[in-house]
Amino acid sequence: MNNNENDEMLEQLKLNIAAYKFKEEQKLNTLENKEKGGIFYMKKKIIMAACACLVLVSGIVAATAIKNSKSSDRGLGEGVDTAVDNGYIANPNADGTDSNAIGTNKETTVDNINATINIEDFIMDDVNLSTQILFKFDDKIKEVVNLDKVNAIELTDLIVRDEENKIIYGGNNEERFKKYCEENNINYTFCEFNDNYMNCGVNSFNVMRDRESNSIKIMYNMYTSGTYPKSKKLYFSFGKIEMLEFNPESATQNRVIVNGNWDISVDVPKEMYTRADEYYKVVSCDNPDFDVYTAKVTNTGFEIGVIISNIEKPEDDREKRLKFYSSSEDYENGKISKEELEELKQWFASVSMLYYPISVSEHNIKGEEVENSYIENEQSKKFYTTSSSSRKAKTYFIDGNKYDFYETFSMTKYDMTSKIKVVLYYYGIPVTINMERIK
């Protein structure tokens, strides 16, 4: 990849990030209007590897309403939920790992808090490692935090490797990563990703909290831009449990850190480490400019990649776009007016729509209703994309008036049929691709 291509991809990635931030802001505004007094905390982390231009968004979602404790509610989309409902899940039933710990916050320090950690279940596929983790503390935890008001838990120094010492999740703490590699006699350089050291993001949310038993259960989802290995054993290691306690009465936040030393190992089921993809081929396509270069179904979703020819890259105002990137901060600092802020948002929404010629949502970035692309099997069941941060997706212009579109839909191996129909809405016009399974 030459420097011009690198620059072009980077610019497109910046545009995608800004579009994501714009849409998230719209969601947050809607949430705030519906649920006054609630909290929705999202932290974004961008890991950019040299020459690779890999961008992953990580976050902790803290919701006031706790999800039902159901193993299929993993926040990774319908495809993953379907796989879980069909038995694609591991239940280790391992004994809890104990650790004496120290709990700290701004005002209080309490020694010797006992914390027992259980990995209750997990799934692993090519892009996801989704774990349901139960934390149980002794009564001393009540002296430093009110578990009823804990909105988020983060394992800030978590590292996961497998039986071949491949790094499944390396975290974002360089000092911790170096120490871990030394202790385990493995040779990796922090953030120099490869086939044996995955570039990952993470998100989590509370599933259950019970002050009576001093317990909190969370869903902790790790996902990669590459492909996870077919690991047979996983080793989880961490020394910090960070809890965010929100008090709506005083509108204050309290971060509590429990320090300890936890090492947990789990066996991966054979169904997961022997997983294999199924492929489809094109039978017909009613748009000659669409060239399908991959179409495969996994245990947790259907991925399709298409190169679209004879498409003109939209013109962009670089200077105005840079102004948009800083518009929220500039507004907060009084450098631009509210009217100028809204004008920049509307301009950016209009430009961004041109960069996404295939609709994969019921609404465009302006919030207008549009037709939604889908997959349909022989039972006439339709499958759409999801907003899962772990899904494989790619949308950017390439040389020669071409556009690379890659998306993941919720059809899985459990839903696949010999023939399927793919309908992609291209600038509002449906393009139908008939496909059949390769046997």
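Thresholds, definitions, all that
- Residues numbered from 1 in each chain as written.
- Predicted model: local features only at pLDDT ≥ 70, side-chain atom pairs only at ≥ 80, totals over all residues.
- Heavy atoms only, no water.
- Core = buried A, V, L, I, M, F, W, Y, C linked by side-chain atoms within 4.5 Å.
- Buried < 20%, exposed > 50% of the residue type's maximum accessible area, 1.4 Å probe, protein only.
- Helix = DSSP H or I, 4+ residues; strand = E, 2+ residues; numbered from the N terminus.
- Polar contact = N/O pair within 3.5 Å; in protein donor to acceptor, adjacent residues only side chain to side chain.
- Contact = heavy atoms within 4.5 Å.
- pLDDT = per-residue confidence, 0-100.
- Axes fitted to C-alpha atoms, helices over the stretch in contact; angles between N-to-C directions.
- Parallel < 35°, antiparallel > 145°, perpendicular 65-115°, else oblique.
- Left-handed = near helix turned anticlockwise from the far one by under 90°.
- Nonpolar A, V, L, I, M, F, W, Y, C, P; charged D, E, K, R; others polar.
- Salt bridge = Lys/Arg side-chain N within 4 Å of Asp/Glu carboxyl O.
- Phe/Tyr/Trp six-rings, centres within 6.5 Å; stacked < 30°, edge-to-face > 60°.
- Lys NZ or Arg CZ within 6 Å of the ring centre and 35° of its normal.

1. Quick look at the nonpolar core
Thought 1: Counting residues in hydrophobic clusters, the biggest one holds 49 residues, and the most contacted among them are L129, M222, L234, F236, I241 and M243.
Thought 2: For this core, the element with the most residues is strand 3 (residues 109–124), which contributes 7 residues.
Thought 3: Counting 34 residues, the second-largest nonpolar core is a separate cluster that includes L344, V351, V422 and M435.

2. Re the side chain of D157
Thought 1: In this structure, D157 sits in the loop between strand 5 (150–154) and strand 6 (159–162).
Thought 2: Side-chain polar atoms of D157 contact the backbone nitrogen of K240, separated by 3.2 Å.
Thought 3: Among all residues touching D157, those that are not within four sequence positions of it are R176, S237, F238, G239 and K240.

3. Observations concerning the confidence of the model for the protein
Thought 1: A residue-level look at the protein finds 77% of positions with pLDDT of 70 or above and a mean pLDDT of 80.
Thought 2: Taken as a whole, residues 1–71 scores under 50 in pLDDT and shows 140 contacts with residues more than four places along the chain or in a different chain.

4. What to know about the packing of helix 5 (residues 318–325) against helix 7 (residues 338–354)
Thought 1: Where helix 5 meets helix 7, the axes come as close as 10 Å, and the angle between the chain directions of the two elements is 120°. Here helix 7 runs oblique to helix 5, going by the angle between their axes. The chirality of how helix 5 crosses helix 7 is left-handed. Counted together, K320, R321, K323 and F324 of helix 5 and E343, L344, K345, W347 and F348 of helix 7 form the full contact between these two elements.
Thought 2: In terms of residue class, the contact of helix 5 with helix 7 is made up of 4 nonpolar, no polar and 5 charged.

5. Quick notes on the pattern of salt bridges
Thought 1: Within the structure shown, the criterion is met by 15 salt bridges.
Thought 2: We note a salt bridge from R391 to E407, for which the minimum N-O separation is 2.9 Å. Here the residue R391 occupies a position in the loop between strand 17 (382–383) and strand 18 (394–398), and E407 occupies one in strand 19 (residues 402–409), the gap between them amounting to 16 residues.
Thought 3: Residue class for R391 comes out partly exposed when judged on its relative accessible area of 28%.
Thought 4: Here the residues in one salt-bridge network are D277, K296 and E303, joined through shared partners.

6. So, the packing of aromatic side chains
Thought 1: Under the definition given, this model contains 15 aromatic pairs.
Thought 2: Residues F238 and W262 carry aromatic rings whose centres are separated by 5.3 Å and whose planes lie at 20° to one another, so their mutual orientation is stacked. Note that F238 is positioned in strand 10 (residues 233–247) and W262 in strand 11 (residues 252–267), a separation of 24 residues in sequence.
Thought 3: A residue is classified by how much of its surface remains accessible, and F238, at 3% relative accessible area, is buried.
Thought 4: Consider the rings of Y280 and F302, whose centres lie 6.0 Å apart with planes at 75°: the pair is edge-to-face. Of this pair, Y280 sits in strand 12 (residues 278–285) while F302 sits in strand 14 (residues 302–308), placing them 22 residues apart in sequence. Taken as a pair, Y280 and F302 share a single burial class, namely buried.
Thought 5: An aromatic cluster is defined as three or more aromatic residues linked by ring pairs; in this entry it consists of F177, Y188, F190, F193 and Y197.
Thought 6: If you follow R161 out to its NZ or CZ, it ends over the ring of Y235, 4.8 Å from the centre.
Thought 7: Cation over ring: K382 sits above Y374, and NZ or CZ is 4.4 Å from the ring centre.

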